[in-house]
2 protein chains.
Amino acid sequence: VLSLAGVPDDLGFVHFAWDRAAQRREDAAGLASLAALDDARFLAFCGEVPVLRETGAGLDALFQAADIPLRPAGLEQVFLGLEDGAPRSALLLPPDARPALEATAGLVLMDLRTIGIKRPLPQPIISALGCAKALLGWHMKHRFCAHCGQPTEAICGGWKRLCTACGTEHFPRTDPVVIMLVTDGDRCLLGRSHRFPPGMYSCLAGFLEPGETIEDAVRREVLEEVGVRVGAVRIVANQPWPFPMSLMIGAIAEAQSTAITLDPAEIEDARWFSAADAAAMIDHTHPEGLTAPITMAIAHHIVRGYLAEVAAASG
Amino acid sequence: VLSLAGVPDDLGFVHFAWDRAAQRREDAAGLASLAALDDARFLAFCGEVPVLRETGAGLDALFQAADIPLRPAGLEQVFLGLEDGAPRSALLLPPDARPALEATAGLVLMDLRTIGIKRPLPQPIISALGCAKALLGWHMKHRFCAHCGQPTEAICGGWKRLCTACGTEHFPRTDPVVIMLVTDGDRCLLGRSHRFPPGMYSCLAGFLEPGETIEDAVRREVLEEVGVRVGAVRIVANQPWPFPMSLMIGAIAEAQSTAITLDPAEIEDARWFSAADAAAMIDHTHPEGLTAPITMAIAHHIVRGYLAEVAAASG
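Quick caveat, the model's predicted, so the values are computed rather than measured. (Residues numbered from 1 in each chain as written. Chains lettered and ligands numbered in written order. Predicted model: local features only at pLDDT ≥ 70, side-chain atom pairs only at ≥ 80, totals over all residues. Heavy atoms only, no water.)

Trainee: Just give me the short version of the overall build of chain A, but keep the residues and values in it.
Mentor: Looking only at helices and strands, chain A has seven helices and 15 strands in total. A compact globule built from 315 residues should have a C-alpha radius of gyration of about 20 Å, and chain A, at 22 Å, falls within 12% of that. With the principal axes as the frame, chain A shows a C-alpha extent of 60 × 50 × 35 Å. Scored against the burial criterion, the 315 residues of chain A give a buried share of 57%. Sequence separation of at least 24 residues holds for 63% of the intrachain contacts in chain A that already meet a minimum separation of 6. Summed over its atoms, the accessible surface of chain A is roughly 12700 Å², and 53% of this surface lies on carbon and sulfur atoms. (Helix = DSSP H or I, 4+ residues; strand = E, 2+ residues; numbered from the N terminus. Rg over C-alpha atoms; globule rule 2.2 N^0.38 Å. Buried < 20%, exposed > 50% of the residue type's maximum accessible area, 1.4 Å probe, protein only. Contact = heavy atoms within 4.5 Å. Areas by Shrake-Rupley, 256 points an atom, 1.4 Å probe, with all protein chains shown as cover.)

Printed below as a string of structure tokens:
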């Protein structure tokens, strides 16, 4: 459905454009030299929240080393790669530094969802912030060895943690999530969880489990959440989603049954919507004020791709 | 390429057939009652190694509760689901029990790769062993809280671990891996790592990183390993791979350059092979004795799917 050659401009977090230069990660002295170069720049996070700086022209996410706020309090620093040969890293400032940072003239703390929605920065920088958030978030929650309980230390430019007690190496985690539009001809199934804004409906979604194929995970989640049996599953899109560290795998799934039985713990409501209704929800022109997710989210693009297929089939 | 409706019979670990019955997991008393039923059966692992039992007719992986060897020494028990309503679980026996188990008449310890290759059991049971291995392997390596270092306990039938010190919930981990056949018309690129058996070549592969789309991970890994630039990427297959706990995401990737520059740390050799050569390697009839992976592995099916496309295009 979605073009693999051209990722949609308005899909969030898929536009990372720096050279990860992974072969540089093992060389700690080399990374330190890179970080000291004049053209080195740094993203900064206060816990999970990006720290931006005001420029005359708007907001920027890249800091020069000398301008990083509260630098001595910094925690992990991760090497993200090279932008036209210039080093790019991200630095974690402690969550309790937030009041001091918010009181600093010229700094703006803005959570990454808001950045993704409002887009005060170019998409490649927002994607780099997404990469950094997932990686720094992993560090924040994995400072101890899950194997033996002792403290670990970040190595390889932040792409590993090493337990010096038992020698176990730990790698950043990415959780596969399936997100699917269930279809029945020119009707599609959208649901809402209790935590959605009023009137918003979206694709069903859930974490893939050990021992599952993507197709099995789609079928299980749909059956659990709305009681609908699914046959053919097509993978149509994917997206890194840094809340906190997922890989969204988007699919279109053909219904084999249509009666809806909600799992009340997971789903507040789910309905079959006509293509016309879904199109109005995507465009925010639905007469009842119902909406579907905005363009940052992969769900938007799955629905849009499905609607294009329905339109192509009918005309 | 591969049929989504029909998973290949000979692809490994994709045939899990039990109802996971996830809604039962929260009810500890209910799970205990299920495990005590007469028709409850258990898979058993000694560390990473499945414990099988000899029957008159061959081998079986399912034990009745009373017949589980060394039961008092058991570690985690995980609830895998229901088979026609009958409870199915897996039990972890400590790795150091191996000599005692191997000395027990009627028991056979066989590593899961060997099981996958030799198939002494039906594919759905091998897939259940794969699910159990990934889940039990996660337990073995995650008995402490990565957030605070204190011991954790398995809850929810083994689908979570809880840190009673800091309250953090930990979930089983599945690592997305991209595995891709790079193609240049009717030539395809296969490589070998230093640890492959002599003469074997396979698809390139590597872990997806935070902030990456599947397509970006394919392009980065190919460029890192063999210096070839890749354009369009099509996802054609996927497979849970329990060594130790990956999701293999299989792709066909079109080359935009063809000169090969090996990363000697990762790749011992990589070459462009004609479709005829690749077909002979798949069939184990190559005149130089070169081979491609066996049917258990997704790489086999990606190559086979590509060859079918080449044949269809030329005929």
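Trainee: So, helix 4 (residues 123–141) of chain A: which residues are in play, and what are the values?
Mentor: Taking 1.5 Å of rise per residue, 19 residues should cover 27 Å, and helix 4 of chain A covers 27 Å from first to last C-alpha, within 8% of that figure. A large share of helix 4 of chain A lies buried, amounting to 17 of its 19 residues. (Expected span 1.5 Å × (residues − 1).)

Trainee: Give a description of the pattern of salt bridges that names residues and reports values.
Mentor: If you walk through the whole model with that rule in mind, you get 40 salt bridges over all chains. Across the pair A:Arg173 and A:Asp175 runs a salt bridge, and its minimum N-O distance is 2.8 Å. Per residue, the accessibility class of A:Arg173 equals that of A:Asp175, and both read buried. One network of salt bridges, with partners in common, ties together A:Arg20, A:Arg25, B:Glu209, B:Glu212, B:Arg220, B:Glu221 and B:Glu224. (Salt bridge = Lys/Arg side-chain N within 4 Å of Asp/Glu carboxyl O.)

Trainee: A description of the pairing of strand 1 (residues 41–46) of chain B should follow, citing residues and the corresponding values.
Mentor: Residues and elements named next belong to chain B. The buried fraction of strand 1 is high, at five of six residues. Across six bridges, the pairing between strand 1 and strand 5 (residues 86–93) is parallel. Of the residues in strand 5, the one forming a bridge with Leu43 is Ala90. The sheet contact formed by strand 1 and strand 2 (residues 49–55) spans three bridges and is antiparallel. Across the sheet, residue Ala44 finds its bridge partner in strand 2, namely Val51. With antiparallel pairing between neighbouring strands as the criterion, strand 1 and strand 2 make up a hairpin whose turn holds two residues, including Gly47 at a positive phi of roughly 60°. (Pairing = 2+ DSSP bridges.)

Trainee: Give me helix 1 (residues 28–35) of chain B: which residues, what numbers.
Mentor: Residues and elements named next belong to chain B. Among the residues making up helix 1, those that are buried are Leu31, Leu34 and Ala35. For helix 1, the angular spread of buried residues about the axis comes to 95°, placing them on one side. The secondary structure elements touched by the buried residues of helix 1 are strand 1, strand 4 (77–83) and strand 5. (Arc of directions from axis to C-beta.)

Trainee: So what about the interface of chain B and chain A? Which residues, and what values?
Mentor: Of the residues lining the interface, 46 residues belong to chain B; the matching set on chain A comes to 45 residues. Carbon and sulfur atoms supply 57% of the area buried between chain B and chain A, which totals about 3800 Å² over both sides. Counting across the chain B and chain A interface gives 22 residue pairs in polar contact (both at pLDDT 80 or more). If you list the elements that add at least two residues to the side of chain B that touches chain A, you get helix 4 (123–141), helix 5 (214–226), strand 13 (230–241) and strand 14 (246–255) of chain B. Taken together, the residues of the side of chain B that touches chain A break down into 26 nonpolar, seven polar and 13 charged. (Buried area = accessible area lost by both parts, 1.4 Å probe. Polar contact = N/O pair within 3.5 Å; in protein donor to acceptor, adjacent residues only side chain to side chain. Nonpolar A, V, L, I, M, F, W, Y, C, P; charged D, E, K, R; others polar.)

Trainee: Tell me what's going on with the pairing of strand 12 (residues 204–207) of chain B, and back it up with residues and numbers.
Mentor: Residues and elements named next belong to chain B. Alternating residues of strand 12 divide into Leu204 and Gly206, all buried, and Ala205 and Phe207, none buried. Alignment of strand 10 (residues 175–184) against strand 12, held across four bridges, turns out to be antiparallel. Paired with Val177 across the bridge in strand 12 is Phe207.

Trainee: How would you summarise the confidence of the model for chain A if you had to cite specific residues and measurements?
Mentor: Residue and element names in this part refer to chain A. This prediction gives chain A a mean pLDDT of 95; 97% of its residues lie at or above 70. Overall, residues 1–5 carries pLDDT values under 50, and its contacts beyond four positions in sequence, including any with other chains, amount to 13 contacts. Reported confidences for the modelled complex are a pTM of 0.97 and an ipTM of 0.97. (pLDDT = per-residue confidence, 0-100.)

Trainee: Give me the lowdown on the environment of B:Ala66, citing residues and values where you can.
Mentor: Residues and elements named next belong to chain B. Of note, Ala66 is situated in the loop between strand 3 (58–60) and strand 4. What makes Ala66 exposed here is its relative accessible area of 76%. Along the sequence, Ala66 and Arg41 sit 25 residues apart, while their C-alpha atoms lie 9.9 Å from each other.

Trainee: Describe unusual backbone geometry, naming the residues involved and giving the relevant values.
Mentor: What you tend to see is this: most non-glycine residues have negative phi, and most peptide bonds are trans. Of note, the amide linkage connecting A:Phe243 to A:Pro244 takes the cis form, showing an omega dihedral of 0°. Within the secondary structure, A:Pro244 sits in the loop between strand 13 (230–241) and strand 14 (246–255). Located in the positive-phi region is B:Arg119, a residue other than glycine, with phi close to 50°. Among the secondary structure elements, B:Arg119 is positioned in the loop between helix 3 (112–118) and helix 4.

Trainee: Hey, could you go over the sheet that holds strand 9 (residues 169–170) of chain A for me, with residue numbers and the actual values?
Mentor: All names here are of chain A. Read from one edge of the open sheet, three strands run 7-8-9, paired in antiparallel fashion. In this open sheet, the two edge strands, each paired with only one partner strand, are strand 7 (152–155) and strand 9. With two bridges joining them, strand 8 (residues 160–163) and strand 9 adopt antiparallel strand pairing. Note on strand 9: the bridge partner recorded for Arg161 is His170. In the packing of helix 4 onto the sheet, contacts are made with strand 7, strand 8 and strand 9, and the angle to strand 8 comes to roughly 15°. (Axes fitted to C-alpha atoms, helices over the stretch in contact; angles between N-to-C directions.)

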